[in-house]
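Chains, contacts and geometry: an overview
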Amino acid sequence: MAYVDGFVLPVPKDKVQDYRRIARKAGKVWLEYGALEYVECVADDVQPGKLTSFPQAVKLKPDEVVLFSWIRYRSRAHRDKVNKQVMADPRIASMGPDSMPFDGKRMFWGGFKPIVEMHPGE
């Protein structure tokens, strides 16, 4: 079954296009090394919750928006192989933390094993 890396991060609203440019470059690299899918989404209908929420999780500021992203792989082993190659690629290495248009300290991520995966017609 597939494996997914998921990411949630705050991006200043006036930096979303800068982030999008970086994400498109990064996505091309991940796909070149074999990732099956690379998706970056900007919050459209995300409200603060009573106990927790996407905005609360990243300590969202009024001038920011939440991004939710994922990369899909064939398996955990495939993910580890792809990520090792990606992290060694000079195009990614040149994207240091100081060049990112967001506060990486408030970003969170993790690897996930799907437990239900459905497709049309199944």
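Located above this text is the structure these notes cover.
Residues numbered from 1 in each chain as written. Predicted model: local features only at pLDDT ≥ 70, side-chain atom pairs only at ≥ 80, totals over all residues. Heavy atoms only, no water.

1. Some thoughts on a nonpolar patch on the surface
On the surface, Ile115, Val116 and Met118 cluster together to form a nonpolar patch covering roughly 410 Å² of accessible area. Note that isoleucine 115 resides in the segment after β4 (108–112). (Patch = residues over 30% accessible without salt bridge, like charges linked within 9 Å, V, L, I, M, F, W, Y side chains within 5 Å. Areas by Shrake-Rupley, 256 points an atom, 1.4 Å probe, with all protein chains shown as cover. Salt bridge = Lys/Arg side-chain N within 4 Å of Asp/Glu carboxyl O. Helix = DSSP H or I, 4+ residues; strand = E, 2+ residues; numbered from the N terminus.)

2. Description of the sheet that holds strand β3 (residues 64–73)
The sheet built from 4 strands is open, its strands ordered β2-β3-β1-β4 with antiparallel pairing. The open sheet is flanked by β2 (37–42) and β4, the only strands paired with a single partner. On average, adjacent strands in this sheet sit at an angle of 15° to one another, irrespective of strand direction. Contacting β1 (3–12), β2 and β3, helix α1 (residues 16–32) crosses the sheet at an angle of about 170° to β2. (Pairing = 2+ DSSP bridges. Axes fitted to C-alpha atoms, helices over the stretch in contact; angles between N-to-C directions. Contact = heavy atoms within 4.5 Å.)

3. Regarding the nonpolar core
Grouped together as the largest cluster of nonpolar side chains are 18 residues, with contacts concentrated most on Leu9, Val11, Tyr19 and Trp30. Residue assignment for this core shows that the elements contributing at least two residues are β1, α1, β3 and α3 (76–88). The element best represented in this core is α1, accounting for 6 residues. Ignoring anything within four residues of it in the chain, the contact list for tryptophan 30 reads Ala35, Tyr38, Ile71, Tyr73, Val82, Asn83, Val86, Met87 and Ile92. (Core = buried A, V, L, I, M, F, W, Y, C linked by side-chain atoms within 4.5 Å. Buried < 20%, exposed > 50% of the residue type's maximum accessible area, 1.4 Å probe, protein only.)

4. Quick notes on the packing of aromatic side chains
All chains considered together, the criterion is met by 4 aromatic pairs. Arranged with centres 5.7 Å apart and planes meeting at 70°, the rings of tyrosine 19 and phenylalanine 102 form a pair that is edge-to-face. One end of the pair, tyrosine 19, is in helix α1; the other, phenylalanine 102, is in the loop between α4 (90–93) and β4, and 83 residues separate them in sequence. For phenylalanine 102, a relative accessible area of 16% puts it in the buried group. Ring centres of phenylalanine 68 and tryptophan 70 lie 5.5 Å apart, and the angle between their planes is 50°; this geometry places the pair in the tilted category. In this structure phenylalanine 68 comes out as partly exposed when scored by relative accessible area, which is 37%. Here the aromatic cluster, defined as three or more aromatic residues joined through ring pairs, consists of Phe54, Phe68 and Trp70. (Phe/Tyr/Trp six-rings, centres within 6.5 Å; stacked < 30°, edge-to-face > 60°.)

The quantities given are spatial measurements derived from coordinates; they are silent on function.
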